[in-house]
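The lines below spell out each chain.
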Amino acid sequence: MSYKIIGDSCLDLTEELKKDPHFQMIPLTLQVDDVQVIDDETFDQKKFLAMVKASPNCPKTACPSPEMFKEAYECDAENIFVITLSSNLSGTYNSAVLAKGLYEEEHGKKNIAVIDSWSASSGELNIGLMIRDLCEQGMPFEEVVEKAMQYTQHEMKTYFVLESLDTLRKNGRLSGLQAFFATTLNIKPVMGADKGNIIKLDQARGINKALVRMCELAVKEAKNPETLRVIVAHCNNEARAQLVKEELSKRAPFKEIIVTETAGVATVYANDGGIILAL
């Protein structure tokens, strides 16, 4: 059965995967002051980070319209899997679900599964690669959906360490968390996702110590690492991503560790130097 994996633009594909015709991205729109940036292949990360740095205001994101998703569903693929940012962080999931209803009103039933990643960035990519593997094995649509949902909601873990949590805080994405930003002491929190909500797991002094602590936590919670694929997404800091890859490799025999770079949405929230880990 032919298949397509559609992600919003927080599905941070590697350069190689961008060439894979099974994947399609639906871009969000980013805004810095009066400037709007489409988060597609034209996104220039360095230019965008410079704009954010120069602006006194917080960058914002806007989710794609249902129409954009509906157009993507109008294709030859028999099975369509849509992976979105956590519905607690963005309206993209609702937009994709609405599009499914619109498509079916017009064209009738089709195998379309919209999956709330309860994550972002590397988490979305991890789910996407799992779905790709299952489709390539010839697994039926319903089974792929069932396994993907099980993995997303009960097995996958997302962690991140950022230089600054300012954007998340200002955009209201840290609701329910205390303001523990002890920046003067260079304390960096190790964050995680719990059912799509952001939680604090630990902290360390200095970013490298925080990254090592993140790796320790990830390995401690990883069951059967030899069966797990790990995705490390970085925002403009390849060296930091490689450090995380080495720390993980030292600690456990993971099946595969993939390093990718954040596109626009994850760049907005991770800020310069941020690392997002999913396994």
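Calculation criteria
- Residues numbered from 1 in each chain as written.
- Predicted model: local features only at pLDDT ≥ 70, side-chain atom pairs only at ≥ 80, totals over all residues.
- Heavy atoms only, no water.
- Salt bridge = Lys/Arg side-chain N within 4 Å of Asp/Glu carboxyl O.
- Buried < 20%, exposed > 50% of the residue type's maximum accessible area, 1.4 Å probe, protein only.
- Helix = DSSP H or I, 4+ residues; strand = E, 2+ residues; numbered from the N terminus.
- Pairing = 2+ DSSP bridges.
- Phe/Tyr/Trp six-rings, centres within 6.5 Å; stacked < 30°, edge-to-face > 60°.

- As recorded in an unreviewed UniProt entry, the protein goes by the name DegV family protein, listed as coming from Hungatella hathewayi WAL-18680.

### Description of the pattern of salt bridges
Turning to step 1, where the next piece is worked out: Taken as a whole, this structure holds 16 salt bridges when the rule is applied.
Turning to step 2, where the next piece is worked out: Close ionic contact of Lys-70 with Glu-74 constitutes a salt bridge, the shortest N to O distance being 3.2 Å.
Turning to step 3, where the next piece is worked out: The residue Asp-133 makes a salt bridge to Arg-132 at a minimum N-O spacing of 3.4 Å.

### Here we look at the pairing of strand S1 (residues 3-8)
Turning to step 1, where the next piece is worked out: Judged by how many residues are buried, S1 sits mostly within the fold: six of six residues are covered.
Turning to step 2, where the next piece is worked out: By the alternation rule, side chains of S1 split into Tyr-3, Ile-5 and Gly-7 and Lys-4, Ile-6 and Asp-8, which are all buried.
Turning to step 3, where the next piece is worked out: Inspection of the sheet shows S1 paired to strand S6 (residues 79-84) by five bridges, in the parallel sense. Paired with Ile-5 across the two strands is Phe-81, which belongs to S6.
Turning to step 4, where the next piece is worked out: Sheet topology note: the S1/strand S2 (residues 23-26) ladder contains four bridges and is parallel. Bridge pairing in S2 places Asp-8 opposite Ile-26.

### A short note on the packing of aromatic side chains
Turning to step 1, where the next piece is worked out: Considering all chains together, one arrives at three aromatic pairs under this definition.
Turning to step 2, where the next piece is worked out: Seen from their ring centres, Phe-81 and Phe-141 are 5.2 Å apart, and the 35 degrees between their planes marks the pair as tilted. With Phe-81 in strand S6 and Phe-141 in helix H6 (residues 141-155), this pair connects stretches of sequence that are 60 residues apart.
Turning to step 3, where the next piece is worked out: On the accessibility criterion, Phe-81 (0% relative accessible area) is buried.
Turning to step 4, where the next piece is worked out: Taking the relative accessible area as the measure of exposure, Phe-141 reaches 11% and is therefore buried.

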